[in-house]
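Inside the fold
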Amino acid sequence: MAVDKGSAREITVFGVVQGVGFRPFVYRTAVRIGLRGWVRNIGEGVRIHLEFTRPETFFSFMESLRTDLPPLACIEKLTDTETAFSSASDFRILKSAESGGFVFISPDISVCSNCLREMMSPNDRRYRYPFINCTDCGPRYTIVQSLPYDRPRTTMASFPMCPLCSREYNDPLDRRYHAQPIACPDCGPEVTLYDAGTGKSIDGGFEQAVEWIKDGKIVAVKGLGGYHLVCSPRNEAAVLRLRQIKNRNSKALALMAADAAVVQTYAHLSPEEREHLESPRRPIVLLKKRLDLPHIAPFLDEYGIMLPYTPLHVLLLEKLDLIVATSSNRKDAPIIKDKGEDLVPLCDAVLDHNRPIHMRADDSVLKVAAGSPLFLRRARGYVPFPQRVPEELTVEGDILAVGAELKDTISVYKNGYVVTSQFLGDLDEYSNLLYFEETIGHLSRLFQVEPRCVVCDSHPDFHSTRFAFNLDIPVFQVQHHHAHLTAVLLEHGIAPGRSVLGVVFDGYGYGADGTAWGGEFLVGDYETFERFAHFEPVALPGGDLAARQPWRMALSYLMRTFEDSIPSLPVMDRIPARMLRGVREMVRSNVNSPLCSSAGRLFDAVSFLSGLAPPEVEYEAEAPLRLQSAATSDRVLSYPFNLAGDKPPYTLSFRATIAEVVNDVLSGIGAGTISAKFHNTLARTIVTTARRAREELGIDTVALGGGVFCNSLLLENTQSRLEAEGFRCLRPVLYSPNDEAISVGQIAHALARIKKTDF
Ligand code: ZN
Ligand code: ZN
Ligand code: FE
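Residues numbered from 1 in each chain as written. Chains lettered and ligands numbered in written order. Predicted model: local features only at pLDDT ≥ 70, side-chain atom pairs only at ≥ 80, totals over all residues. Heavy atoms only, no water.

Thoughts on the domain arrangement of the chain
Threshold: Reported domain spans reflect what an automatic or database domain assignment gives. Here a residue-residue contact requires only that any non-hydrogen atoms of the pair lie within 4.5 Å. Here's the idea: put two parts together, see how much 1.4 Å probe accessible area each one loses, and the total over both is what we call buried area. Salt bridges are counted wherever a side-chain nitrogen of Lys or Arg sits within 4 Å of a carboxyl oxygen of Asp or Glu.
For the chain, the domain assignment lists domain 1 (7-93), domain 2 (106-188), domain 3 (191-367), domain 4 (386-497 + 740-757) and domain 5 (516-524 + 532-732). Here the C-alpha centroids of domain 2 and domain 4 sit 34 Å apart. The interface is formed by 5 residues belonging to domain 2 together with 6 residues belonging to domain 4. Both sides of the domain 2 and domain 4 interface together cover about 520 Å² of buried area, and 56% of this is carbon and sulfur. Between domain 2 and domain 4 we count 0 salt bridges in total.

Encoded structure:
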């Protein structure tokens, strides 16, 4: 470095650095420290040119990059090289270069504390304005239509800025510099209340909506990714009516609380849970009940609660400290984002606004398990976060993965990153299939993806599989449980070629041998796998019906365990004798009773046998959820089981388990104890199988995946036992263990295959 003349460095930053106030941050920092040069957006990131005579100033700038980033910015990668000194006279923000690469978009973020302070100051020009936002907060993913991220390409395009907003927008020292959704009461969107019956707008809209909610009416409220149906949780009649409208008798309804203090009135809140609850991503957090509110989460021991995340929510919750805020949708259909989409029959009134939602997104749902987030649904606030792929797996060209069928997501791969969509729902519902196609279009446009190939499940009849084969590009198919495993490997950045034991427990997936799998121990890496052990297959009487009627699985397990001498159990009296006979006949004669090694179905059976599951469930996982909710804290007692066979694939048989469960039921042991013993048993089967894999194959890493691990009790129990035995335990943290992770795993597998074959 020639000190007399000065030095210059060129820094290129990759990650979420556009549309999040990164350039103004660089500008302010450089000016403060006394550096000269410029900053500009380039295709896939931000480039900074710094000129200085004292190296300390440069180091202090680099330190700021590490420690003072704007809240939404996230640096994935940074390069720093020496460059030519040009005697710059000041520091500037230069115009963006043409975009061509991979630009990251921030997720939607809840209103920040600076904006809240302004919104609550009577002298501020945005006093009580429900669309206040800045570069650190507000809508992003749900309002962007295409890139580059500029106001004309968002749903704010139809709101021309007033002179005051325009001045803030263009001032690099203003905290709204280039905040694309910037707005004020003079130029921005506004709130209107509509009567659902007449369609007429109501005077004094906001205040009237508050009164109606207090009076027990159901009001649809427009949020970021769609409408919520809102009512008072303490008004039983209103809650029951909402349940009737949504055709939902038992599935829990989400709550929104004014603040953590209100939350603590109704639920227990640990410091970690509070951190997630109050994070700017604002997920619904599942929290142990403290006070019972009737009909909100029947048969379960927890509530799903979130805090307000739009300024409109904040204003609403100022008047109502707790509301039911469930997503507005018809049963199993996507969340409604436009008033025209059949919203009116679901409510008495609509608290609407005129900033259009481009991309719908549900609220995310998570639970804290063993100190880390466990996603039950990953959507708003987390999407579209880019995940870096291990260097050894990166390839040229783009890839699309379309996931499975239930709880689907899609993922795209580009330039070393995977971006996964929000939760899309079950594709066997036509409206969700449209949502799926809408989202593929959205992500492809945003990230300019032109896939060289598409990856799908090996199930031939999934809608996603058919969709993949209808695209005119090469198709890779991935076995379902292998994709669960590779998703966990990818999120933990495991190097290719390292074999682990994947414990994949879920409801159902198409097996490599064409039979139904679901209680799987796979030894493998990104590319290949072997089945090391699996649950003993049992009959699924009635096929898909067995997943909805837990008593069928209970009977199937009883027949497998006791053959012709099934003891009489009071719980089976809930089922008409004629139906029991029918199913018994079905299983015996092998009619419409495919064999399946599903772990989910074993939970169904035990939940029904212990008297917790109803004969017919209303939603997926209801039977296991009720079982988990009932469990006592016992971590010692368990049931016997059997790991059989003399070489892989070994078979895990639960006949001895079921026999003992029945014994406990007949001796009057409580369902809570049975549940705890059963959870302990499953955790022990995993440890036993893992020990065998270590003895025979030297494997010391275990990856957990599949929807059954949405069960936090099983997850924590398993993780602590494995770690106590010296295993490294990889569990889903960034994605849900359920089928939302399949598209991630599909990308990971495809990358490994492409690498291997030079495709
Ligand atoms: Zn803000
Ligand atoms: Zn304005
Ligand atoms: Fe699955």
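Here we look at the side chain of Ser743
The line we're drawing: Helix numbering and strand numbering both begin at the N terminus, where a helix is a DSSP run of H or I of at least 4 residues and a strand a DSSP run of E of at least 2. A simple rule labels every residue: compare its accessible area, found with a 1.4 Å probe on the protein chains alone, to the largest value its type can have, and call it buried under 20%, exposed over 50%, or partly exposed in between.
Mapped onto the fold, Ser743 is located in helix H21 (residues 742-757). On the basis of relative accessibility, which here comes to 0%, the residue Ser743 falls in the buried class. Sequence-distant contacts of Ser743, that is, excluding residues within four places in its chain, are made with Ala401, Gly403, Thr409, Ile410, Ser411 and Thr420.

Here's the deal with the packing of aromatic side chains
Stated formally: Side-chain rings of Phe, Tyr and Trp, where Trp is taken by its six-membered ring, are said to pair if the distance between their centres is within 6.5 Å; with planes under 30 degrees apart they count as stacked, over 60 as edge-to-face, and otherwise as tilted. Placement of a positive charge over a ring is assigned whenever Lys NZ or Arg CZ falls within 6 Å of the ring centre and within 35 degrees of the normal to the ring plane.
Taken as a whole and assessed by the stated rule, the structure comprises 14 aromatic pairs. Seen in terms of ring centroids, Phe505 and Phe535 are 5.0 Å apart; in terms of plane orientation they differ by 65°. Their pairing is edge-to-face. Of this pair, Phe505 sits in strand E23 (residues 500-510) while Phe535 sits in strand E25 (residues 529-535), and the two are 30 residues apart along the sequence. Here Phe505 matches Phe535 in class, with each residue buried. Where Phe532 meets Tyr650, the ring centres are 5.4 Å apart and the plane angle is 70°; that geometry is what we call edge-to-face. With a gap of 118 residues between them, Phe532 in strand E25 and Tyr650 in strand E29 (residues 650-653) connect regions that are remote in the sequence. A connected cluster of aromatic rings, assembled from ring pairs, spans Phe505, Phe521, Phe535, Phe654 and Phe709. Taking the ring centre of Trp38 as reference, the NZ or CZ of Arg40 above it sits at 5.7 Å.

Remarks on helix H6 (residues 236-246)
What counts, and what does not: The arc in question is formed by the directions pointing from the helix axis toward the C-beta atoms.
Every buried residue of H6 is listed here: Ala238, Val239, Leu242, Arg243 and Lys246. The arc that holds the buried residues of H6, viewed along the axis, is 140°, so those residues lie on one side. In H6, the exposed positions angled more than 90 degrees off the buried face are occupied by Ala237 and Gln244. Elements that come into contact with the buried residues of H6 comprise strand E9 (227-231) and strand E13 (322-327). Following H6 by one or two positions, Asn247 has its phi on the positive side, about 60°.

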